[in-house]
Amino acid sequence: MPERVRQMLPSVLSVLLALGVCWALIALTLEPGTATDAYLQMLWGGIGNWPAYLDGAAATVITRPLGESAMKAAILTLTGLSVAVAFKVGLFNIGAQGQMLLGALAAAVMGAQVSLPGVLHVPAALLGAALAGAAWAGIAGLLRIYRGVHEVISTIMLNWVALSLVDNWLVVGPLRGAAEGGQSITGTAEIQATAVLPRLLGEGSRLNLGFPLALAAALAVWVWLTRTRSGFETRAVGLGAEAARAAGIPVARRMGLAMALAGAMAGLAGAVLVLGTEGRYPGTLGAPYGFDGIAIALIGNNHPLGATVSALFFGVLRAGGTRMQLLGVHKSFPELIQGLALLFVAGRMVWLALLRRRNVAPAASAEVPRA
Amino acid sequence: MLDVLHSLLFSTLDAAPALIFAALGAVLSERAGVIAVGMEGMMRVGAFCAAVAALTMPTPLAVVMGMLAGAALAGVHGFLSIRWRSDQVVSGIALNLVALAGGTFLLESLYGPNGTPPIQQLTRWHIPGLGSVPVLGALSGHSAPTYLALLLPFAFQGLLTRTPLGLRLRAVGDKPQAVATLGLSVPGLRWGAVLGSGLLAGLGGAVLSTAVLDRFEQHTPAGLGFMALAAMVFGRWTPVGAFLAAAFFAFGNALRIGLVSSAPGLVELIPQGVLLALPYLLTLVVLTLQGQRSSAPAALGTPYEQESR
């Protein structure tokens with residue numbers, strides 16, 4: 001078995017096992033038939049209802065679900081990259097959620113309160129969001145570098161600070177949008193038309209520029225990590241900070257920059273959410289995509305492209321999840337699949353031990369994701 | 001004035017136990033060297049199982065069920081992080097995600113979105129004669145967990161600092177190799193601590209649904225498990241410190257809720273969001289000031305390998 005396949009196997013098996021366990025869960029609490037139907041609904045809701053399309057239904061039965069999947073996959077890719085980039089330098093970024101909130105807020109403010117020509121408005125808002133996320137993650141990076149504060153604790157705290165300050169103060173207070181047409185609104189003011197991420201498939205589908213943007217970001221991160229000097233140094237720091245320091249690599253700078261980049265990715269995720277689908281910072285940002293990023297990155301083996309693949313997969317499931325509602329299964333069900341898959345991936349050593357026993361292959365390099 | 005203080009104290013004593021138990025659980029686990037990010041998930045499972053169990057059995061027994069459920073989840077954490085030396089943060093986060101989505105799924109498919117049916121709350125104890133004393137009277141009229149939460153931290157502190165078992169627990173978090181040299185089992189001690197932390201987190205969750213509320217709600221415990229981590233850090237990883245920090249956070253929260261209803265003008269001046277962020281901001285400040293001299297156990301987060309002496 002090639003090494004590359006062996007590396008991927010635990011993730012693939014974990015996802016399959018999670019799918020099986022969750023099927024059994026529905027079968028036990030509802031009915032076996034319902035479980036299979038629910039999975040089919042999830043599939044059609046995610047990749048489009050191809051049977052109906054082939055029977056002559058309008059093309060929107062394909063493009064609408066695909067748009068939803070792409071939208072979710074774009075956000076998951078970016079938060080997954082955020083966690084994966086930090087991992088590469090040896091830091092565990094649990095703070096993607098907080099960084100995403102800040103990015104979303106920055107994008108909402110830039111989108112609504114700054115007037116720029118169309119070509120510049122979207123890039124400016126994206127840049128603002130990336131900087132906001134980078135700054136928020138930078139706090140954790142600086143605390144780690146200069147004060148030795150463990151980033152797991154500091155990013156958890158920063159998440160709650162961000163949530164409290166943004167959702168319970170800024171968005172309901174100073175930055176709350178003015179009433180429109182006599183009706184008060186929740187959240188910030190609506191962004192201007194020039195700041196909206198363009199839709200790619202017309203109005204029938206919410207597929208927007210955020211999707212190619214996320215894919216490009218993943219590709220850029222991969223190229224940076226594998227093909228540039230600073231990317232190589234970043235990985236060296238992650239594999240062994242002391243050895244890297246001895247080799248003359250500026251460890252503190254690599255850590256700081258990687259953390260800032262992680263924050264920027266999470267910030268972009270917030271921007272894609274606000275500029276692409278929400279149109280404003282809503283009363284509360286809802287789904288915890290930042291925490292999902294941890295699952296996405298680890299299931300993707302902390303590889304930028306692996307994270308992208310896992311984001312695409314779970315994007316499809318998550319978009320399809322809304323259709324399971326019809327059968328009495330809560331729409332957050334795919335999150336359960338995702339959580340279980342992460343749990344099984346955490347048992348990576350168990351998988352490797354099982355695989356080794358089976359086919360007496362040469363000892364696999366036990367590269368465990370390390371905090 | 002005394003009335004205000006009385007009611008503030010009373011609501012603090014009602015709300016604090018859940019946070020105190022979870023914070024103590026976090027201290028227990030981390031002092032033994034196992035990171036406790038899974039508190040939130042264990043609390044949620046404890047809260048859910050206690051609320052469901054209370055539908056068919058006496059509430060005190062249901063609380064025990066909640067504790068066992070918390071310990072069961074902690075068992076998964078132990079299996080992955082102690083037996084298989086997985087990353088403790090990954091396994092904790094995974095448990096949080098599973099508990100969050102799994103709780104929602106089970107709630108929805110078994111009881112509908114509005115939470116479980118109401119249950120019999122834990123009985124409130126009225127201490128004779130105390131009820132009419134000003135301010136101190138706030139101590140009367142709570143359920144058993146409140147009184148346990150006031151005593152347990154001190155017992156735990158005694159155990160940790162004055163007994164051989166406590167010494168071993170601390171040693172296993174600071175220098176596990178030394179414990180192994182004494183012929184003691186590092187995994188055994190860590191298993192004990194992790195299961196104990198699961199029991200405590202489960203108790204914290206169970207208290208939420210049997211004493212604070214009378215059912216399991218969709219969002220329980222709404223971040224309390226993470227606030228418990230903040231209390232643990234703020235209290236410098238000691239049981240009494242974590243208890244004081246948890247009580248302080250709970251008091252601050254009671255004060256905030258009191259202010260919103262009684263003095264909206266002041267809330268205008270200091271926005272609620274800032275007050276909500278305060279426990280976490282304070283924890284960050286404390287961490288920044290402590291820096292390298294932080295009191296975190298030395299071997300925290302490092303899986304123990306017999307061969308790595």
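Here the structure is a predicted model, which is why all the values come from computation and not from measurement.

Cut-offs and rules
- Residues numbered from 1 in each chain as written.
- Chains lettered and ligands numbered in written order.
- Predicted model: local features only at pLDDT ≥ 70, side-chain atom pairs only at ≥ 80, totals over all residues.
- Heavy atoms only, no water.
- Helix = DSSP H or I, 4+ residues; strand = E, 2+ residues; numbered from the N terminus.
- Rg over C-alpha atoms; globule rule 2.2 N^0.38 Å.
- Areas by Shrake-Rupley, 256 points an atom, 1.4 Å probe, with all protein chains shown as cover.
- Lys, Arg positive; Asp, Glu negative; His and termini not counted.
- Charge placed at Lys NZ, Arg CZ, Asp CG, Glu CD.
- UniProt positions renumbered as here; feature names shortened; annotations may be inferred.
- Buried < 20%, exposed > 50% of the residue type's maximum accessible area, 1.4 Å probe, protein only.
- Contact = heavy atoms within 4.5 Å.
- Buried area = accessible area lost by both parts, 1.4 Å probe.
- Salt bridge = Lys/Arg side-chain N within 4 Å of Asp/Glu carboxyl O.
- Polar contact = N/O pair within 3.5 Å; in protein donor to acceptor, adjacent residues only side chain to side chain.
- Phe/Tyr/Trp six-rings, centres within 6.5 Å; stacked < 30°, edge-to-face > 60°.
- Lys NZ or Arg CZ within 6 Å of the ring centre and 35° of its normal.
- Axes fitted to C-alpha atoms, helices over the stretch in contact; angles between N-to-C directions.
- Parallel < 35°, antiparallel > 145°, perpendicular 65-115°, else oblique.
- Left-handed = near helix turned anticlockwise from the far one by under 90°.
- Nonpolar A, V, L, I, M, F, W, Y, C, P; charged D, E, K, R; others polar.
- Expected span 1.5 Å × (residues − 1).

### Quick notes on the overall build of chain B
Next up, step 1: Summing up its helical and strand segments, chain B has 12 helices and two strands in all.
Next up, step 2: When the helices and strands of chain B are placed in sequence order, the string is α-α-α-α-β-β-α-α-α-α-α-α-α-α.
Next up, step 3: By the compact-globule yardstick of 19 Å for 309 residues, chain B fits well, its C-alpha radius of gyration being 20 Å.
Next up, step 4: Projected onto its principal axes, the C-alpha coordinates of chain B cover approximately 60 × 45 × 40 Å.
Next up, step 5: Summing over all exposed atoms, chain B offers an accessible surface of approximately 12,600 Å²; the carbon and sulfur share of this is 69%.
Next up, step 6: Chain B carries 15 positive and 12 negative side-chain charges, and their two centres are separated by 13 Å.

### Observations regarding the UniProt feature "transmembrane region" (unreviewed entry) in chain B
Residues and elements named next belong to chain B.
Next up, step 1: The residues that UniProt annotates with the feature "transmembrane region" (unreviewed entry) are residues 6-27, 34-55, 61-82, 89-107, 191-213, 225-249 and 269-289.
Next up, step 2: For the annotated span residues 34-55, helix accounts for 68% and strand for 0% of the residues, and the straight-line distance between the end C-alpha atoms is 34 Å.
Next up, step 3: Structurally, residues 61-82 comprises 100% helix and 0% strand, and the distance from its first C-alpha atom to its last is 30 Å.

### Details of the environment of B:Pro176
All names here are of chain B.
Next up, step 1: Within the secondary structure layout, Pro176 lies in helix α7 (residues 176-181).
Next up, step 2: The exposure class of Pro176 is buried, given its relative accessible area of 5%.
Next up, step 3: Sequence separation between Pro176 and Gln306 is 130 residues, and the spatial gap between their C-alpha atoms is 9.6 Å.
Next up, step 4: Among residues more than four places away in sequence, those in contact with Pro176 are Ala171, Val186, Arg190, Ala299 and Tyr304.

### Things to note about the interface of chain A and chain B
Next up, step 1: Facing the 45 residues of chain A at the interface are 44 residues of chain B.
Next up, step 2: A combined buried area of about 3,900 Å² lies between chain A and chain B, and 82% of that area is made up of carbon and sulfur atoms.
Next up, step 3: Among the residues chain A hides against chain B, the three largest losses belong to A:Arg147, A:Met157 and A:Trp160. Together they make up 16% of the total.
Next up, step 4: Taken together, chain A and chain B are joined by zero salt bridges.
Next up, step 5: Here chain A and chain B share three residue pairs in polar contact (both at pLDDT 80 or more) between them.
Next up, step 6: Sorting the residues of the side of chain A that touches chain B by element identifies α1 (3-29), α6 (118-147), α7 (151-170), α12 (289-299), α14 (333-346) and α15 (348-359) of chain A as the ones contributing at least two each.
Next up, step 7: If you tally residues by element for the side of chain A that touches chain B, the top one is α7(A), at 12 residues.

### Topic: the side chain of A:Asp167
Residue and element names in this part refer to chain A.
Next up, step 1: Mapped onto the elements, Asp167 comes out in helix α7.
Next up, step 2: Buried within the structure, Asp167 lacks any salt-bridge partner; its nearest side chain of opposite charge belongs to Arg176, at an N-O separation of 13 Å.
Next up, step 3: Only 3.1 Å separates the side chain of Asp167 from the side chain of Thr284, close enough to count as a polar contact.

### Considerations on the pattern of salt bridges
Residues and elements named next belong to chain A.
Next up, step 1: Summed over the entire model, instances satisfying the criterion amount to 10 salt bridges over all chains.
Next up, step 2: Arg229 serves as the salt-bridge partner of Glu233, at 3.2 Å between the closest nitrogen and oxygen. Here the residue Glu233 and the residue Arg229 both occupy positions in helix α9 (residues 229-239), the gap between them amounting to four residues, near one helical turn.
Next up, step 3: Residue classification places Glu233 among the buried positions, given a relative accessible area of 8%.

### With respect to the packing of aromatic side chains
Next up, step 1: Scanning the model with the defined rule gives 12 aromatic pairs over all chains in all.
Next up, step 2: Taken together, a centroid distance of 5.9 Å and an interplanar angle of 40° make the contact between A:Trp160 and B:Phe226 tilted. On the criterion of chain membership, the pair formed by A:Trp160 in helix α7 and B:Phe226 in helix α9 (residues 224-234) is interchain, its members lying in two chains.
Next up, step 3: The buried category is assigned to A:Trp160, whose relative accessible area is 18%.
Next up, step 4: With centroids separated by 5.2 Å and ring planes inclined at 90°, the aromatic side chains of A:Phe313 and A:Phe314 adopt a geometry described as edge-to-face.
Next up, step 5: The cationic tip of B:Arg83 hangs over the ring face of B:Trp84; the distance from NZ or CZ to the ring centre is 4.3 Å.

### Looking at the packing of helix α5 (residues 96-113) of chain A against α12(A)
Residues and elements named next belong to chain A.
Next up, step 1: Look at α5 against α12: their axes get within 6 Å of each other, and the N-to-C directions meet at 135°. If you check the angle between α5 and α12, you find them oblique. Taken as a pair, α5 and α12 cross one another with a handedness that is right-handed. Between α5 and α12, the contacting residues are Ala96, Gln97 and Met100 on the first element and Tyr289, Gly290 and Phe291 on the second.
Next up, step 2: Per-class residue counts for the contact of α5 with α12 are four nonpolar, two polar and no charged.

### Overview of the side chain of B:Thr220
All names here are of chain B.
Next up, step 1: Secondary-structure assignment places Thr220 in the loop between α8 (186-212) and α9.
Next up, step 2: Among the polar contacts listed, one links the side chain of Thr220 to the backbone oxygen of Glu217, at a separation of 3.0 Å.
Next up, step 3: If near-sequence neighbours (up to four positions away) are discounted, Thr220 is found in contact with Arg44, Ala47 and Leu208.

### Notes on unusual backbone geometry
Next up, step 1: Look at the link from B:Thr220 to B:Pro221: it is a cis peptide, with omega at -5°.
Next up, step 2: Structurally, B:Pro221 is set in the loop between α8 and α9.
Next up, step 3: The backbone of A:Asn302 shows a phi angle near 60°, a positive value even though the residue is not glycine.
Next up, step 4: Relative to the assigned elements, A:Asn302 resides in the loop between α12 and α13 (304-324).
Next up, step 5: Even without glycine at this site, B:Trp237 takes up a positive phi of about 60°.

### Re the packing of helix α3 (residues 59-83) of chain B against helix α4 (residues 88-111) of chain B
Residues and elements named next belong to chain B.
Next up, step 1: Orientation of α3 relative to α4, taken along the N-to-C sense of each, is 150°, at an axis distance of 9 Å. Between α3 and α4, the crossing angle belongs to the class labelled roughly antiparallel. Like other packed secondary-structure pairs, α3 and α4 cross with a definite hand, here right-handed. Within the contact between the two elements, α3 uses Leu73, Val76, His77, Leu80 and Ser81 and α4 uses Gln88, Ser91, Gly92, Leu95 and Ala99.
Next up, step 2: When the residues that make up the contact of α3 with α4 are grouped by side-chain class, the tally is five nonpolar, five polar and no charged.

### Notes on the environment of A:Arg254
Residues and elements named next belong to chain A.
Next up, step 1: Positionally, Arg254 belongs in helix α11 (residues 251-278).
Next up, step 2: Each C-alpha atom, one on Arg254 and one on Val237, is 7.5 Å from the other, the two residues being 17 residues apart in sequence.
Next up, step 3: With sequence-adjacent residues up to four places away left out, Arg254 is seen in contact with Val89, Ser230, Glu233, Thr234, Val237 and Ile249.
Next up, step 4: Of note is the side chain of Arg254, whose polar atom sits 2.9 Å from the side chain of Glu233.

### A word on α11(A)
Residue and element names in this part refer to chain A.
Next up, step 1: For α11, which comprises 28 residues, the first-to-last C-alpha distance of 39 Å matches the rise-based estimate of 40 Å (1.5 Å per residue) to within 8%.
Next up, step 2: Burial analysis of α11 places 21 of its 28 residues in the buried class, the great majority of the element.
Next up, step 3: Looking at the residues trailing α11, positive phi occurs at Gly279, about 80°.

### Re the UniProt feature "transmembrane region" (unreviewed entry) in chain A
Residues and elements named next belong to chain A.
Next up, step 1: The feature "transmembrane region" (unreviewed entry), as given by UniProt, occupies residues 73-94, 101-120, 126-145, 152-172, 207-225 and 255-275 in the numbering adopted here.
Next up, step 2: In the segment residues 73-94, helix accounts for 73% and strand for 0%; the C-alpha atoms at its two ends are 19 Å apart.
Next up, step 3: Along residues 207-225 one finds 84% helix and 0% strand; the C-alpha atoms at either end are 28 Å apart.

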